[in-house]
Amino acid sequence: MLLGTHSPKLDDKGRVILPAKFREDLGSGIVVTRGQDRCLYVFSTAEFEVVHEKLRQAPLANKQARDFMRMFLSGASAEMPDSQNRITIPQHLRQYAGLQKELVVTGVGAHAEIWDAQSWNDYLAAGEETYADLEQEVIPGLF
């Protein structure tokens, strides 16, 4: 399970070092793709295959499903960490997420997210007020 928040830097070649705590889960190959809220989703190859299989179940006649699959899969890039545990984030994905040098990498259970640090801070500030109310609306009976 991927958990926590980390603050790596993006180097001049578009590479980022995976957080040490994530390497066991992500070290054998990953897929990076467009996330929601202008972040990037990072899946282990195995987890991405699970997600892809669920996407294959979606009816092609459903426009929302087609739109989601297009955005999600057309941006996907399979990456292999190098000997220093860096992954390269393709230019089109760096641009999509507005990534600058300062990043935030968050563990969200089965996947990780990569955010531009300022975007993450803005997201946190905007969402902090409603966070306490979400449990009742989104995940009934959690607490």
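This text follows the structure it describes.
In this report, we go over the structure that sits alongside the text. (Residues numbered from 1 in each chain as written. Predicted model: local features only at pLDDT ≥ 70, side-chain atom pairs only at ≥ 80, totals over all residues. Heavy atoms only, no water.)

The phi dihedral of R38 falls on the positive side, at around 65°, and the residue is not glycine. If you trace the backbone, R38 turns up in the loop between β3 (30–34) and β4 (40–44). Here the phi dihedral of N85 falls at roughly 65°; this positive angle occurs in a residue that is not glycine. Note that N85 resides in the loop between β5 (77–79) and β6 (86–88). (Helix = DSSP H or I, 4+ residues; strand = E, 2+ residues; numbered from the N terminus.)

We now examine helix α3 (residues 63–74). Along an α-helix, residues three or four apart share an orientation, since each turn contains 3.6 residues. The end-to-end C-alpha distance of α3 is 16 Å, a good match for the 16 Å that 12 residues give at a rise of 1.5 Å each. If you check which residues of α3 are buried, you get A65, M69 and F72. One side of α3 holds all its buried residues, which, seen down the axis, span an arc of 75°. Of the exposed residues in α3, the ones pointing more than 90 degrees away from its buried face are Q64, R70 and S74. Looking at the packing, one finds that the buried side of α3 touches β3, β4 and α2 (45–56). N-capping of α3 is provided by N62, with a side-chain oxygen placed 2.9 Å from the backbone N of Q64. (Expected span 1.5 Å × (residues − 1). Buried < 20%, exposed > 50% of the residue type's maximum accessible area, 1.4 Å probe, protein only. Arc of directions from axis to C-beta. Contact = heavy atoms within 4.5 Å. Polar contact = N/O pair within 3.5 Å; in protein donor to acceptor, adjacent residues only side chain to side chain.)

What the rule picks out here adds up to 6 salt bridges. Across the pair E53 and R56 runs a salt bridge whose closest N-O atoms are separated by 3.5 Å. Here the residue E53 and the residue R56 both occupy positions in helix α2, the gap between them amounting to 3 residues, near one helical turn. By relative accessible area, which is 57% here, R56 ends up exposed. (Salt bridge = Lys/Arg side-chain N within 4 Å of Asp/Glu carboxyl O.)

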